[in-house]
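If you want the building blocks of each chain, they are given just below.
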Amino acid sequence: QVQLAESGGGLVQAGGSLRLSCAASGRTFSGSSMAWFRQAPAKEREFVAGISWSGGTTNYADSVKDRFTISRDNVKNTVYLQMNSLKPEDTAVYYCAAGPGRPIVITHAYGYSSWGQGTQVTVSV
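Residues numbered from 1 in each chain as written. Predicted model: local features only at pLDDT ≥ 70, side-chain atom pairs only at ≥ 80, totals over all residues. Heavy atoms only, no water.

Chemist: Outline the overall build of the protein chain, supporting the account with residue identities and numerical values.
Modeler: Looking only at helices and strands, the protein chain has zero helices and 11 strands in total. Ordered by position from N to C terminus, the α and β elements of the protein chain give β-β-β-β-β-β-β-β-β-β-β. Its C-alpha atoms give the protein chain a radius of gyration of 13 Å, within 12% of the compact-globule value 14 Å for 125 residues. Along the first, second and third principal axes, the C-alpha atoms of the protein chain reach 40 × 25 × 25 Å. Across the 125 residues of the protein chain, 44% fall into the buried class. Relative to all contacts within the protein chain whose residues are 6 or more apart in sequence, the contacts with residues 24 or more apart total 59%. Of the side chains in the protein chain, 11 bear a positive and 8 a negative charge, and the two mean positions are spaced by 6 Å. (Helix = DSSP H or I, 4+ residues; strand = E, 2+ residues; numbered from the N terminus. Rg over C-alpha atoms; globule rule 2.2 N^0.38 Å. Buried < 20%, exposed > 50% of the residue type's maximum accessible area, 1.4 Å probe, protein only. Contact = heavy atoms within 4.5 Å. Lys, Arg positive; Asp, Glu negative; His and termini not counted. Charge placed at Lys NZ, Arg CZ, Asp CG, Glu CD.)

Chemist: Tell me about the sheet that holds strand 1 (residues 3–7), and please be specific about residues and values.
Modeler: Here we have four strands laid out as an open sheet, ordered 1-3-8-7, and antiparallel in their pairing. The open sheet has two edge strands, strand 1 and strand 7 (68–73), and neither has a second partner. When the angles between neighbouring strand axes are averaged without regard to direction, this sheet yields 15 degrees. Note: strand 7 against strand 8 (residues 78–83), six bridges, orientation antiparallel. (Pairing = 2+ DSSP bridges. Axes fitted to C-alpha atoms, helices over the stretch in contact; angles between N-to-C directions.)

Chemist: So what about the environment of T78? Which residues, and what values?
Modeler: By the secondary structure assignment, T78 is in strand 8. Using a relative accessible area of 10% as the deciding quantity, one classes T78 as buried. Expressed as a C-alpha distance, the spacing of T78 and G111, which sit 33 residues apart in the sequence, is 19 Å. Here K76 takes part through its backbone oxygen, which lies 2.9 Å from a polar atom of the side chain of T78. (Polar contact = N/O pair within 3.5 Å; in protein donor to acceptor, adjacent residues only side chain to side chain.)

Chemist: Got a sec to walk through the side chain of S21? Specific residues and values, please.
Modeler: In this structure, S21 sits in strand 3 (residues 18–25). The residues touching S21, leaving out its near neighbours within four places in the chain, are A5, E6, S7, W36, T78, V79 and Y80.

Chemist: Kindly report on the environment of I70, identifying the contributing residues and their values.
Modeler: Mapping I70 onto the fold places it in strand 7. For I70, a relative accessible area of 4% translates into the label buried. Residues I70 and M83, spaced 13 residues apart in sequence, show a C-alpha to C-alpha distance of 8.8 Å. Residues within four places of I70 in sequence aside, it is in contact with M34, A35, W36, A49, G50, I51, T58, Y60, V79, Y80 and L81.

Listed below in structure tokens is the structure:
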């Protein structure tokens, strides 16, 4: 099992940027698919971005495409989410997730077995 800890959330004005980090512990990180999900108040958790174990395949929700970038560093056991051009509707708790390594990126939560505690991102108008 992979243990995950997110950081980098905070308050930012619309149009600004944030970079989230997810530090993983456990020897299976480099073989795991990784993803970011988010959950806004009174809404279901939704897929944001995912990356394969090698970093060669990525997938994004349409709502964040061309604004967010997911990446990973298998030496540092860390996955990142660079968020640019932030909008108020991006406000949510962001969760990092890890799952079995696959050649494709699973966009549903059932594809991931390890989850972090979440980090709050708030975008003001």
